[in-house]
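Observations on chain architecture
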Amino acid sequence: MVPFVAQNAAHPQVALKTRTSQDIETGQAEKDNAAATTVTTVTPFDAPIFVEFEDGDPRNPVNFSSPRKWSITFLASFSTFIGSITAAGYILGADSMCADLNCTHFQATVGISMYTLGFGIVPLVTASFSEEFGRQPLYFVAGGSFFILYLMVALAPNVQTVLIGRFLQGSFGSTWNTMVGGTISDIWKPSQRGVPMAIFTAAAISGTGFGPMIAGWIEENADLEWKWIEWVLMMICAIFIILLPIVMKETRASIVLRGIARKTRKETGNPRYRARVEVEGPCLKKLVFISCTRPIYLLFAEPVVFSFSLWVGFAWGMTYALVSSISLSFETLYDFNKGEVGSVFATMIVGSILGYLSNTFQERLYHSNHANRGPEARLYSSCAAAVMLPAGIFLYSWTSSSYIHWSVPCLAIVVRTSSSCIYIIYVAAFAYLADTYGPYASSALAGQSMCRNLAAMGFPLFTTQLYNQLGFHDFRLLGCYDDSYPICPLFPRPDYSEQEQVFETSYGVGCLKADQVVSHS
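The structure presented is a predicted model; accordingly, all values stated were derived computationally and were not measured. (Residues numbered from 1 in each chain as written. Predicted model: local features only at pLDDT ≥ 70, side-chain atom pairs only at ≥ 80, totals over all residues. Heavy atoms only, no water.)

1. Observations regarding the overall build of the protein
Summing up its helical and strand segments, the protein has 23 helices and five strands in all. The buried share of the protein, reckoned over its 521 residues, is 55%. Intrachain contacts of the protein at a sequence separation of at least 6 include 80% that bridge at least 24 residues. Put simply, the protein shows about 21400 Å² of open surface, and 63% of that area lies on carbon and sulfur atoms. (Helix = DSSP H or I, 4+ residues; strand = E, 2+ residues; numbered from the N terminus. Buried < 20%, exposed > 50% of the residue type's maximum accessible area, 1.4 Å probe, protein only. Contact = heavy atoms within 4.5 Å. Areas by Shrake-Rupley, 256 points an atom, 1.4 Å probe, with all protein chains shown as cover.)

2. A few points about empty space enclosed by the protein
Using the criterion set out here, one finds two cavities of 30 Å³ or more in the structure. It is helix H2 (residues 66-89) that contributes the most residues to the lining of the largest cavity, four residues altogether. Counted by class, the lining of the largest cavity contains nine nonpolar, 10 polar and one charged residues. (1 Å grid on protein atoms, 1.4 Å probe; cavity = no way out; pocket = protein on both sides within 12 Å on 5 of 7 lines; lining within 4 Å. Points joined across faces, edges and corners; volume = space filled by probe spheres on them. Nonpolar A, V, L, I, M, F, W, Y, C, P; charged D, E, K, R; others polar.)

3. Quick look at a nonpolar patch on the surface
A cluster of nonpolar residues, Ile 239, Ile 242, Leu 243 and Ile 246, forms a patch on the protein surface that exposes about 380 Å² of accessible area. Note that Ile 242 resides in helix H10 (residues 225-247). (Patch = residues over 30% accessible without salt bridge, like charges linked within 9 Å, V, L, I, M, F, W, Y side chains within 5 Å. Salt bridge = Lys/Arg side-chain N within 4 Å of Asp/Glu carboxyl O.)

4. Remarks on helix H9 (residues 194-220)
Relative to the 39 Å expected for 27 residues at 1.5 Å per residue, H9 spans 40 Å between its end C-alpha atoms, a close match to the ideal helical length. A bend of about 35° at Gly 207 is the largest found in H9. Within H9, 20 of the 27 residues are buried, leaving the element largely enclosed by the surrounding structure. (Expected span 1.5 Å × (residues − 1). Bend = angle between axes of the 7 residues up to and from the residue.)

5. Points about the environment of Ala 203
Following the sequence through the fold, Ala 203 ends up in helix H9. In this structure the C-alpha to C-alpha distance between Ala 203 and Ser 84, which are 119 residues apart in sequence, comes to 8.1 Å. Non-local contacts of Ala 203, meaning those with residues more than four positions away in its chain, are made with Ser 77, Phe 81 and Ser 84.

6. Focus: the pattern of salt bridges
Under the definition given, this model contains six salt bridges. Between Glu 52 and Arg 276 there is a salt bridge, with the nearest N and O atoms lying 2.4 Å from each other. With Glu 52 in strand S4 (residues 49-52) and Arg 276 in helix H12 (residues 276-279), this pair connects stretches of sequence that are 224 residues apart. Judged by relative accessible area, Arg 276 falls into the partly exposed class, the value being 30%. A salt bridge links Glu 331 to Lys 338; the nearest nitrogen and oxygen atoms lie 3.1 Å apart. Given a relative accessible area of 27%, Glu 331 falls into the partly exposed group. Classification of Lys 338 as buried rests on a relative accessible area of 10%.

7. Some remarks on the packing of H2 against helix H7 (residues 135-154)
Packing of H2 against H7 brings their axes to within 13 Å, and their N-to-C directions diverge by 30°. It follows from the interaxial angle that H2 and H7 lie roughly parallel. The element H2 and its partner H7 pack so that their crossing is left-handed. On H7, the residues touching Ala 76, Ser 79, Ile 82, Gly 83 and Thr 86 of H2 are Tyr 139, Phe 146 and Tyr 150. (Axes fitted to C-alpha atoms, helices over the stretch in contact; angles between N-to-C directions. Parallel < 35°, antiparallel > 145°, perpendicular 65-115°, else oblique. Left-handed = near helix turned anticlockwise from the far one by under 90°.)

8. A word on the side chain of Ser 174
Checked against the element boundaries, Ser 174 lands in helix H8 (residues 159-187). When its relative accessible area of 0% is taken as the criterion, Ser 174 is described as buried. Within the structure, Ser 174 has its side chain in polar contact with the backbone oxygen of Ser 171 (distance 2.6 Å). If near-sequence neighbours (up to four positions away) are discounted, Ser 174 is found in contact with Gly 118, Phe 119, Val 122 and Pro 123. (Polar contact = N/O pair within 3.5 Å; in protein donor to acceptor, adjacent residues only side chain to side chain.)

9. Things to note about the confidence of the model for the protein
Model confidence for the protein is summarised by a mean pLDDT of 78, while 79% of its residues fall at 70 or above. Confidence, expressed as mean pLDDT per element, reaches its minimum in the protein at strand S2 (residues 14-15) with 30 and its maximum at H10 with 95. The low-confidence segment residues 7-43, where pLDDT is below 50, has 57 contacts with residues more than four positions distant or belonging to other chains. Note on residues 495-521: pLDDT is under 50 here. Beyond four places in sequence and across chains, it has 71 contacts. (pLDDT = per-residue confidence, 0-100.)

This is how it looks when you write it as structure tokens:
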């Protein structure tokens, strides 16, 4: 099958009859009754001939078979899962790390913050690389580098090396995780993305519980401790590295078309065959500039982006504060060992499952009310989560007492944390911003992602000190701050026409097209 050749609207043309690929290449007589696979036009000799997909072309990622789509979706989500377990599993080995590397507990805790710092800022630069190089090569480069950096952390002679390794690992992990949402968008139609996005979110949040769960029992074994946490996580990552060349295919349509155009030029000797991205696409420098600046502009200039980013950022920061506090709380109040503390993190996995199940109810509400409510139909379940999250914070704080059974604060963790509430808030904010900002969604989501990860960087730095100063019960004060965030949906939605005028003034004509090719998570 040869590619469909689109007309070049920039030059006057005369449409010819449909021809077979053999006729096009050899110039033989027309065959009016032949089964045509290519439509060609007469254009000036210097005009490009754009290569496009035919309807139903199996090379188009949207037309991949269902098994291939699901295998790519699960593998991409598995990469997110690995990033999450690596982020959170590290902290359970802090005690043995302090003993081995002669560092303070605070220095060890900074390793979480360095990881999330890389997650927060590096994607602003690297997210645009997928337009120039494609998604598949970045999965290989980022995944391979992420895998190797386990060695740097595990073999580090001092805590400074650990911190550098954690930052680099977070940077590479963010590059490969930012592409997951784009990969899902590449292969699934909008009406089909609900379940794949729910799986992606469940993988991201449940990994925050699964990592510490296994790390706790490794840390409990005096023959293993923190280094073996890294080795075990490296083994899990090796599964991804092995499956990557088998399962992952290039899913960015513009890159696939560029490859087809290059192959067609080579086979025909005609240099005019081009993919549109080769002629019309913005240069990498322009993409990086837009990728770095527009998310920050939207974050501070748009009340909707700002408020939802603060909301999700607070919720995500509380997640990492919880990761840091569970060990302190359950060891002090209930005399749990590290393995038992790790088991407490299973509550996060339970909460993620509950959040996933609640998403099916939200999807039904969305489809039933979208015609009348618009994007606000995405926010029904988040209204309940906005109340449940501070309630869970209060419940967790009030029940943190040695005379109350340990199962009660575990229940509070299910209610409040990287579980049902945070899952619902994360999905609602992601979907609402995507629907509300339309062609500018990737930039709006990039601002939200930066705010979320920077909050995750900051909260672990003061969690221990906060507990020491306020005590376990007064930690509920953070719930008071969260009570203000249910007002987020009250801000008016933006006017696309006004946005486009502002962006064209700031970035020049073509910024809309550039934004559509930049993907963030």
